[in-house]
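# A closer look at the structure
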Amino acid sequence: MTGLFARQHLLAIAPLTRQEIESLLDLGAEYVDLNRQVSKKRDTLRGRTLINLFFEPSTRTQSSFELAGKRLGADTMNMSVNQSSLKKGETLIDTATTLNAMRPDIIVIRHQDSGAVALLADKVSCSVVNAGDGAHEHPTQALLDALTIRRRLGKIEGLTVAICGDVLHSRVARSNVHLLTKLGARVRLVAPRTLMPSGAATWGAEVFHDMREGIKGADIVMMLRVQMERMTGAFLPSQREYFHFYGLDREKLALAKPGALVMHPGPMNRGVEIDSAIADDIDRSLIHEQVEMGVAARMAVLDALSRQLPNAERKQ
Amino acid sequence: MKRTAFINARLIDPATNLDAPGGLLVEGGKIADVGPRLFNDSRPANADVIDCAGQVLGPGLIDLRVFTGEPGAEHRETLASAGESAAAGGVTSFAMMPVTDPVIDDAALVDFIKRRAAANAKVNVYPCAALTQGLEGALMAEIGLLQEAGAVAFTDADRTIASTLIMRRCLTYAANYDALVIAHAEDPALAAVGHMNEGAFAARMGLGGIPAAAEAIIVERDMRLVELTGARYHLGQVSTAAALEVIAKAKARGLPVTCAVSAHHLVLNEQDVGEYKTFAKVSPALRTEDDRKAMVEGVRSGTIDAIVSSHDPQAPETKRLPFAQAAYGAVGLETLLPAALSAHHEAGVSLIDVLRRLSLAPANLLRLPAGRLTKGAPADLIVFDPGAPRKIDPSEFRSRSKNSPFKGRLMQGRVSRTMVAGTTVFQAT
C-alpha cells in the first residue's frame, strides 16, 4: 500500500502527489482499526529511535507523536527547547548535528520559524517529520483532518470545505489547502482582511471576508485557532467583535449545508472562535475524532518513513 | 398628512443639474413632487404654502465635520445647541467627530449619541466613531460593531496615525466592512513643533511653523496604503496645493479617495492670524494665499469633493491664551454657507457646484438618501438668498461658542428657512 510514498522526510504537503497522500491515508485507516483493539502494539519500529524535538510548546501534537511511536515499538524521547542547550546559545544547526550523532532514526520537529524544519532536515542523516514550522506547513494535521473527513463522509472529492479564522498565521490552513485541493475538494478560506495573507486567492481556494457568505452550503466548516494576543487591537479590535462576525455559532452554522460537520485543530478558544454548544455537539463536531485520527495518521507517517530508512527490512 | 408647498423658488438640484424656477411639494416628511412647472398653473391644494420669492430652494447642507461638546464639554456645545447652530446655518445633517469625553469608540456610545441627538437636536446627527481605541493611534477600534450600531465613518478626527503599520491595518480592517475612513494629514513629528503655517509670516511673528510638506508627506503615504488595502479613504481637510495635487493623481489612478476643504481654508490665509488671533488657529493651519486659491480651484474642478465647516467650539479658557498655548479650532456651522459662497461670488464657481460640495457629494460619501431634490428623498431643504450681504456677528450665533475667525467680516448669503424631514427648524426673522 505504501509503496507509493518513498521519501526520506515528510516536510510539507505541497510536493506530495495525490497518490502519495492517498497511500498515507489508506495506511492511517488501518491504524485506526488497530488503535481500537485492546492490544495496540506493533513492532514495526522495534529497535528504532524517535526523537520529538519541539522548539515551540505543544501538548497534543507532541503526545500524539509520542504515542504513535510507542505503539509502533520505537524508543521515543521528548526534547523541548527549555530543556535543551539552545537556551545556552547553541545554534539550531549545532543542536541538529549533536542529535544526529546520537543516531536516531526519525526526528519529529516543531519550530516557530517557517523553513526551519527543512533547514534541519538538510543537516541530518535520519528521517525528519515536520510537526509544524512557523506559518508554513503542518502536514500531519492535514493528513489527520483528511482521514477524519474520509472516515465520516467516505470521500473528499467534491466536498466543499470552508477554512475559517486566522489564515494569515496558520500552517494548518496552508497544509489543508494543499491536501484538500489535491484530493478534489473545493476549499474556501474565510477571514477578516487583516488575517488573510495577500495572494491567498492564488492558492486554488476561494477567498471570503464575510463568514456568512463563506460557509454557505459548505459540507465541512474547519475553524482555526485565533491567538488571544491577536485580538487586542493589532489585527482585530476585540474578542467580542471577532466572535460576533467570525465566531461559529448556531446561526452561522445554519447557513452551511444541513448536517454540515465542524472541525477544529485545537486547542479551542470557546466563545471566541467557536460556540461551546457547537464544539460539544456530538452530531456536528468532529473535534474529538480528529484527536483520535491524529495518532493513527502519525503512525502511518512513521511507518511509511521507516520503510525508506537505509537499513529497513523489506516488508510486503 | 401634512403637506407643504414651496412656490416661486429657484430650484437648484446638483443631483439632476437643475437650476430653474419651479416649485416643490413636501408630504409626510419627504419630497412628494418637484419640478420647474410645478404650481405654475395651479395653486397647491390642502397645503401650507411657502412663497420663496425667487430665492434658492436647494437640498439642506450636509456637513462632514462637526465637533460638539457632548458628552464631556457641554459648556462649549451640546447636541441641542449644535443642532440650533446647524439649523441657523442651513445645515440639515452633520457628521459628528468622536472627540468627546468619553471618546466614541464603543457601540454603546454611538447609541447614546443617536438617542440624545434624536431627542434634542433639530437636525440629523450622524456619529463618527474613533478609528483607534481612545484616539490613541495604537489599537484599532471595533469597526464592525460600531458600524452596526450606526457609526457612519471612522476617524481619529484631528490626529494623524503616526505608525504606517497601524494605519495599514486600520485601513485593511475598515475595508473588511466597507467602512469609510476619514483621515487627518499632518506628519505628527513635524506638526508638534509648530502652531501656524511655516513661512515668512510665522518667522516674523516668532511662532513655530508647520510646513506644507507635513500634509503632503502623510497624504503621499496614505495614497500608497489605499492602493495596498482598497479602503474607502476621505481626507477630512486638505489645506495645501501640494497635498491636493497628490489627491488629484490618486483620483486619476482610480483609487477610492475623496477629500474636503474647510470653509475657513477657502476664505482665509495665514495673514489672517494677524496679531496672534487665536480664533484663526485651526488644524490644519491656515496656509498661503496660493494654497487658498488652489483650494478654490479644487472646489471648482471637483478634486475637492466636499466643503465642511470644521465647526469646533472652544471656550474663552482654551482660546484667550498666548497663541502657542491656545487650542486649535473655530466654530463654523453658521458661516459655512456664506464662506462657501465666496467661491461663487469671488471666483465664479457656479452656484450649483458650490451647493453640490455642500450637499450631494457629502450625502453620497455617507450613503445618505438626502442631499438631493428627488421624489421620495427626505424633505431636508433650505431656502436662501445667495447674494444677501451681511456682517458676521458671532454674538448672534446659536452656538454656545463664539470663536469665529470671520468676526466682523462682510460676507454674502443668508439662510431664510431650514427644513428637516418636512418640519421647519429655522426661519430668519
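What you see is a predicted model; the values in this text were computed from it and never measured. (Residues numbered from 1 in each chain as written. Chains lettered and ligands numbered in written order. Predicted model: local features only at pLDDT ≥ 70, side-chain atom pairs only at ≥ 80, totals over all residues. Heavy atoms only, no water.)

Another aspect to go through is the packing of aromatic side chains. Under the definition given, this model contains 3 aromatic pairs over all chains. Aromatic pair A:Tyr242 and A:Tyr246: ring centres 5.7 Å apart, planes at 25 degrees, arrangement stacked. You can see A:Tyr242 and its partner A:Tyr246 sitting in helix α8 (residues 239-246), 4 residues apart, about one turn around the helix. For the pair A:Tyr242 and A:Tyr246, one class covers both residues: buried. Aromatic side chains B:Tyr173 and B:Tyr177 sit 5.2 Å apart centroid to centroid with 65 degrees between the ring planes, which places their arrangement in the edge-to-face category. Of the residues examined, B:Tyr173 reaches a relative accessible area of 1% and is grouped as buried. Among the aromatic residues, those joined into a cluster by ring pairs are A:Phe245, B:Tyr173 and B:Tyr177. Sitting above the plane of the A:Phe235 ring, A:Arg230 keeps its charged end 6.0 Å from the centroid. (Phe/Tyr/Trp six-rings, centres within 6.5 Å; stacked < 30°, edge-to-face > 60°. Helix = DSSP H or I, 4+ residues; strand = E, 2+ residues; numbered from the N terminus. Buried < 20%, exposed > 50% of the residue type's maximum accessible area, 1.4 Å probe, protein only. Lys NZ or Arg CZ within 6 Å of the ring centre and 35° of its normal.)

This next bit is on the confidence of the model for chain B. Detailed reading of the predicted coordinates is not advisable wherever pLDDT is low. Confidence in the prediction of chain B, expressed as mean pLDDT, is 97, and 100% of residues score 70 or more. Both scores are given for the predicted complex: the pTM is 0.94, the ipTM 0.90. (pLDDT = per-residue confidence, 0-100.)

Once that is clear, we can look at the side chain of B:Arg232. All names here are of chain B. Of note, Arg 232 is situated in strand β13 (residues 232-235). Asp 178 provides the closest opposite charge to the buried, unpaired Arg 232, separated from it by 4.3 Å. A polar contact of 3.1 Å, which involves the side chain of Arg 232, links it to the backbone oxygen of Asp 178. Once residues within four sequence positions are removed from consideration, Arg 232 is found in contact with Asp 178, Ala 179, Leu 180, Val 181, Pro 256, Leu 365 and Arg 367. (Lys, Arg positive; Asp, Glu negative; His and termini not counted. Salt bridge = Lys/Arg side-chain N within 4 Å of Asp/Glu carboxyl O. Polar contact = N/O pair within 3.5 Å; in protein donor to acceptor, adjacent residues only side chain to side chain. Contact = heavy atoms within 4.5 Å.)

We now examine unusual backbone geometry. All names here are of chain B. Residue Pro 102 is bonded to the preceding Asp 101 through a cis peptide linkage, with omega at 5 degrees. Looking at where Pro 102 falls in the secondary structure, it is placed in the loop between β7 (91-96) and α2 (107-120). Geometrically, the link from Ser 283 to Pro 284 is a cis peptide bond, its omega value of 0 degrees lying close to zero. With respect to the helices and strands, the residue Pro 284 is situated in the loop between α9 (263-267) and α10 (289-301). Although it is not a glycine, Ala 53 adopts a positive phi angle of roughly 50 degrees. Positionally, Ala 53 belongs in the loop between β4 (48-51) and β5 (56-59). With a phi angle near 50 degrees, Ser 310 is a residue other than glycine that sits in the positive phi range. By relative accessible area, Ser 310 is classed as buried at 9%.

Attention now goes to the pattern of salt bridges. All names here are of chain A. Under the criterion given, the structure shown has 37 salt bridges over all chains. Two residues, Arg 36 and Glu 292, come together in a salt bridge whose shortest N-O distance is 2.7 Å. One end of the pair, Arg 36, is in the loop between α1 (18-35) and β1 (49-54); the other, Glu 292, is in helix α11 (residues 287-306), with 256 residues separating them in the sequence. Residues joined in a network through salt bridges with shared partners are Arg 18, Glu 22 and Glu 157.

What follows is about α2(B). All names here are of chain B. Across its 14 residues, α2 extends 20 Å between first and last C-alpha, which sits within 8% of the 20 Å expected from 1.5 Å per residue. Packed against the buried residues of α2 are α1 (79-88), β7, β8 (124-127) and α3 (143-149). Looking at where α2 begins, the residue whose side-chain oxygen comes 2.9 Å from the main-chain nitrogen of Ala 108 is Asp 106. (Expected span 1.5 Å × (residues − 1).)

This brings us to the pairing of strand β17 (residues 410-420) of chain B. All names here are of chain B. Where strand β16 (residues 381-391) lies against β17, 8 bridges are found, and the strand directions are antiparallel. When the bridges of β17 are listed, Leu 381 appears paired with Met 419. Bridging between β17 and strand β18 (residues 423-427) involves 4 bridges; their strand directions are antiparallel. Residue pairing for β18: Arg 417 is matched across the bridge by Gln 427. (Pairing = 2+ DSSP bridges.)

On to the environment of B:Ala192. For B:Ala192, the location among the structural elements is in the loop between α5 (188-191) and β11 (196-197). Separated by 233 residues in sequence, B:Ala192 and B:Val425 have C-alpha atoms that sit 41 Å apart.

Contacts between the two partners involve 17 residues from chain A, matched on the other side by 16 residues from chain B. Taken over both partners, the interface formed by chain A and chain B buries close to 1,500 Å², and the fraction arising from carbon and sulfur atoms is 51%. Joining chain A to chain B, the criterion identifies 2 salt bridges. A:Arg240 is paired through a salt bridge with B:Asp106; the nearest N and O atoms lie 3.4 Å apart. A class-by-class count of the residues in the side of chain A that touches chain B yields 8 nonpolar, 6 polar and 3 charged. (Buried area = accessible area lost by both parts, 1.4 Å probe. Nonpolar A, V, L, I, M, F, W, Y, C, P; charged D, E, K, R; others polar.)

Residues and elements named next belong to chain A. The strand order across the open sheet built from 5 strands is β7-β6-β5-β8-β9, with neighbouring strands paired in parallel fashion. Across the chains shown, the open sheet's two edge strands, defined by having one partner strand only, are β7 (206-208) and β9 (261-263). When strand polarity is set aside, the average angle formed by the axes of neighbouring strands in this sheet is 20 degrees. Across 4 bridges, the pairing between strand β5 (residues 160-164) and strand β8 (residues 220-223) is parallel. Note that in β8 the partner of Val 161 across the bridge is Ile 220. (Axes fitted to C-alpha atoms, helices over the stretch in contact; angles between N-to-C directions.)

Residues and elements named next belong to chain B. Relative to the helices and strands, Arg 400 is located in the loop between β16 and β17. Judged by relative accessible area, Arg 400 falls into the partly exposed class, the value being 48%. Sequence separation of Arg 400 and Pro 362 is 38 residues, and the distance between their C-alpha atoms is 25 Å. Excluding its chain neighbours within four sequence positions, the residues that come into contact with Arg 400 are Glu 74, His 75, Arg 76, Glu 77, Thr 78 and Ser 81. Polar side-chain contacts of Arg 400 include one of 2.7 Å to the backbone oxygen of Glu 74.

What follows is about the nonpolar core. In this structure, A:Leu143 and A:Leu248 are the most contacted members of the largest nonpolar core, which totals 194 residues. Broken down by element, the residue count for this core peaks at 11 residues, all from α11(A). Residue contacts for A:Leu143: discarding those within four places in its chain leaves A:Leu10, A:Ile13, A:Ile21, A:Leu24, A:Leu25, A:Leu179, A:Ala297 and A:Val301. Core analysis: the second largest hydrophobic core is formed by 18 residues, B:Leu180, B:Ala306, B:Ala363 and B:Leu366 among them. (Core = buried A, V, L, I, M, F, W, Y, C linked by side-chain atoms within 4.5 Å.)

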